[in-house]
Amino acid sequence: MMIFKIPVKASSAAALAICMMMGATPAISMNNQVHSIQTLPRILVLATGGTISGKKNGMSEIGYNAGGVTGKQLVEDIPELAKLAEINVEQIANIGSQDMNDAIWLRLAKRIQDAVAHNEADGIVITHGTDTMEETAFFLDTVIRTDKPIILTGAMRPSTAIGADGPANLYEAIEVAANPKAKDHGVMIVMNDTIHAARWASKTHTTAVETFQSINAGPIGYVDPASVRFIEPKKQPVPSYGLPTTAPLPAVEILYAHSGMGASIINDLIKTGVKGIILAGVGDGNSSKEAMAALNLAVKQGVIVVRSSRTGSGFVNRNVEVNDDKNDFVVSYDLSPQKARILLQILIANGKNKLSDIQAAFEAGF
Ligand code: SIN
């Protein structure tokens, strides 16, 4: 926040000149005197629903309606925000994030691109359900290139619950988005006093407020009501792919491997005309001999197969337990199955079908 106090005796012209030098917008009173100048960062809040907007009848009830409260109400319920930023709120959707879909992603991404192109805001905050928050964050991070902070936040407890975490998370998300230090860090998730990069963030617990963790990496920063600290350097630029113009995105499915996995589920999937298969493999992205043979057949029929892991952390490397060169498989390295799916969808939508290009894209994030 920039507040400039102009000496009372300064002439209007001198005060205006000081304002211009400081890059601030002058406020001029009716009697043509410049009495004080205040420039707050402009934050655009895009609300999509989720538990942060959830409402329930009793404070101790477990069930609730996702999306019972609007984004405007969420912001109005935190009067302290008026000191942090000049806030505009738009409602993009009002759903539980289990129902997030490609059409809403495109709407959200286009609105952000537009706001960036017309310099409508200094930072953008998206309120979102936590269940698929990491997917939306990763999608936006892959298709939007801007130095402006884009931050997703949400809540594990509905807005009417005892100890609701939504207000603190929203306050801190806006605090980070309004902070010049947050520029050039790509898309982030701010939850529970912690700042995560979209590439690494993952929901790891069904109910705990500290559910988001940055797998394989750790958080990039911390926030409290008085300070914003980044402990990781700014993000290396990664290739940004064109925003697909129409939904749905190309069909890519995730297959969860397990002991005794057979071939039939893979053969059935090929028949649906799927463009890609992400194997959420056991251990290092592996599966049974039968499943591997069926995946090899899928590749021969033009389906792109990416091996990732169901373990939740670690890297899937090429040609360790599985001969990827021989099978023409791609590996996801650090990307979880759900993020590998999004990257492959975006690559296919951008006309990237060469396996070496696809493999390079998976490697480009770190
Ligand atoms: C949702 O993802 O919409 C429900 C769960 C949550 O927001 O925590």
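Placed above this text is the structure.
Report on the accompanying structure.

Each value, and the rule that gives it
Residues numbered from 1 in each chain as written. Predicted model: local features only at pLDDT ≥ 70, side-chain atom pairs only at ≥ 80, totals over all residues. Heavy atoms only, no water. Helix = DSSP H or I, 4+ residues; strand = E, 2+ residues; numbered from the N terminus. Buried < 20%, exposed > 50% of the residue type's maximum accessible area, 1.4 Å probe, protein only. Contact = heavy atoms within 4.5 Å. Areas by Shrake-Rupley, 256 points an atom, 1.4 Å probe, with all protein chains shown as cover. Axes fitted to C-alpha atoms, helices over the stretch in contact; angles between N-to-C directions. Parallel < 35°, antiparallel > 145°, perpendicular 65-115°, else oblique. Left-handed = near helix turned anticlockwise from the far one by under 90°. Nonpolar A, V, L, I, M, F, W, Y, C, P; charged D, E, K, R; others polar. Near = heavy atom within 4 Å. Polar contact = N/O pair within 3.5 Å; in protein donor to acceptor, adjacent residues only side chain to side chain. Pairing = 2+ DSSP bridges. Salt bridge = Lys/Arg side-chain N within 4 Å of Asp/Glu carboxyl O. Expected span 1.5 Å × (residues − 1).

**A closer look at the overall build of the protein chain**
Right, on to step 1. A count of helical and extended segments in the protein chain gives 11 helices and 16 strands.
Right, on to step 2. The 366 residues of the protein chain split such that 51% are buried.
Right, on to step 3. Intrachain contacts of the protein chain at a sequence separation of at least 6 include 69% that bridge at least 24 residues.
Right, on to step 4. Approximately 16,900 Å² of the protein chain is accessible, and the part contributed by carbon and sulfur atoms is 54%.

**Points about the packing of helix H10 (residues 337-349) against helix H11 (residues 355-363)**
Between two packed helices, what matters for the description is the angle formed by their axes and the separation of those axes.
Right, on to step 1. Axis separation between H10 and H11 bottoms out at 11 Å; the angle between their running directions is 135°. Taken together, H10 and H11 sit at an angle that is classed as oblique. The two elements H10 and H11 cross, and the hand of that crossing is right-handed. Residues Ala 340, Leu 343, Leu 344 and Leu 347 of H10 lie in contact with H11, whose contacting residues are Ile 358, Ala 361 and Phe 362.
Right, on to step 2. Per-class residue counts for the contact of H10 with H11 are seven nonpolar, no polar and no charged.

**A closer look at the environment of Ile 220**
Right, on to step 1. For Ile 220, the location among the structural elements is in the loop between strand E10 (212-214) and strand E11 (221-224).
Right, on to step 2. Ile 220 sits in the buried class, given a relative accessible area of 9%.
Right, on to step 3. Through-space distance from the C-alpha of Ile 220 to that of Ile 231 is 5.5 Å; in sequence the pair is 11 residues apart.
Right, on to step 4. Excluding its chain neighbours within four sequence positions, the residues that come into contact with Ile 220 are His 185, Met 188, Ile 195, His 196, Ala 197, Arg 229, Phe 230, Ile 231 and Glu 232.

**As for the site of the ligand**
Right, on to step 1. Near the ligand lie 11 residues; those nearest to it are Thr 51, Ser 97, Thr 130, Asp 131 and Ala 155.
Right, on to step 2. In this structure, an oxygen atom belonging to the ligand sits 2.4 Å away from a side-chain N or O atom of Thr 130.
Right, on to step 3. Protein contacts shield 93% of the accessible area of the ligand, which totals 250 Å² for the unbound molecule.
Right, on to step 4. Its residues assigned to classes, the shell around the ligand shows two nonpolar, seven polar and two charged.

**Thoughts on the sheet that holds strand E13 (residues 252-256)**
Right, on to step 1. Taken together, the four strands give an open sheet; going across it, the order is E13-E14-E15-E16, and neighbouring strands pair in parallel fashion. Each edge of the open sheet carries a strand with a single partner, namely E13 and strand E16 (330-331).
Right, on to step 2. Where strand E14 (residues 276-281) meets strand E15 (residues 304-309), six bridges bridge the pair, whose relative direction is parallel. Within E15, the residue paired with Gly 281 across the bridge is Ser 309.

**A short note on the pattern of salt bridges**
Right, on to step 1. Applying the stated criterion across every chain yields a total of 11 salt bridges.
Right, on to step 2. Between Arg 111 and Glu 120 there is a salt bridge; the shortest N-O distance is 2.7 Å.
Right, on to step 3. For Asp 334, the salt bridge goes to Arg 199, with nearest N and O atoms at 2.8 Å. Here Asp 334 is found in the loop between E16 and H10, whereas its partner Arg 199 is found in the loop between strand E8 (194-197) and strand E9 (201-203), with 135 residues between them in sequence.
Right, on to step 4. What emerges from the salt-bridge pattern is a single network uniting Glu 90, Arg 111 and Glu 120.

**Let's talk about unusual backbone geometry**
Right, on to step 1. Here the bond from Ala 247 into Pro 248 is cis, since omega is 0°, no more than 30 degrees from zero.
Right, on to step 2. Within the fold, Pro 248 resides in the loop between strand E12 (227-230) and E13.
Right, on to step 3. Not every positive phi belongs to a glycine, and Asn 119 is a case in point at roughly 45°.
Right, on to step 4. Mapped onto the secondary structure, Asn 119 falls in the loop between helix H4 (102-117) and strand E5 (123-127).
Right, on to step 5. Since its relative accessible area comes to 41%, Asn 119 is described here as partly exposed.
Right, on to step 6. A positive phi is found at Asn 192, a non-glycine position, where the angle reads about 55°.
Right, on to step 7. Counting through the fold element by element, Asn 192 comes out in the loop between strand E7 (187-191) and E8.

**Concerning helix H6 (residues 166-177)**
Right, on to step 1. In this model H6 runs 16 Å from its N-terminal to its C-terminal C-alpha over 12 residues, within 8% of the 16 Å that 1.5 Å per residue would give.
Right, on to step 2. For H6, the buried fraction is high: 10 of the 12 residues fall into the buried class.
Right, on to step 3. Every buried residue of H6 is accounted for by Gly 166, Asn 169, Leu 170, Tyr 171, Glu 172, Ala 173, Ile 174, Glu 175, Val 176 and Ala 177.

**Regarding the sheet that holds E11**
Right, on to step 1. The strand order across the open sheet built from eight strands is E4-E3-E5-E6-E7-E8-E11-E12, with neighbouring strands paired in mixed fashion. Edge positions in the sheet fall to strand E4 (86-95) and E12, since each has one partner strand and no second. Direction aside, neighbouring strands of the sheet carry axes that sit 20° apart on average.
Right, on to step 2. Across seven bridges, the pairing between strand E3 (residues 42-49) and E4 is parallel. Its bridge partner lying in E4, Ala 47 is registered against Gln 91.
Right, on to step 3. Across the sheet, H4 is in contact with E3, E4, E5 and strand E6 (150-153); its angle to E4 comes to roughly 165°.

**Examining the environment of Thr 194**
Right, on to step 1. Here Thr 194 shows up in strand E8.
Right, on to step 2. On the accessibility criterion, Thr 194 (13% relative accessible area) is buried.
Right, on to step 3. Sequence spacing of Thr 194 and Phe 212 is 18 residues, and the spatial spacing of their C-alpha atoms is 8.6 Å.
Right, on to step 4. The contact partners of Thr 194, leaving out residues within four places of it in the chain, are Ile 189, Pro 219, Gly 221, Tyr 222 and Val 223.
Right, on to step 5. In terms of polar contacts, Thr 194 uses its side chain to reach the backbone carbonyl oxygen of Asn 192, at 2.9 Å.

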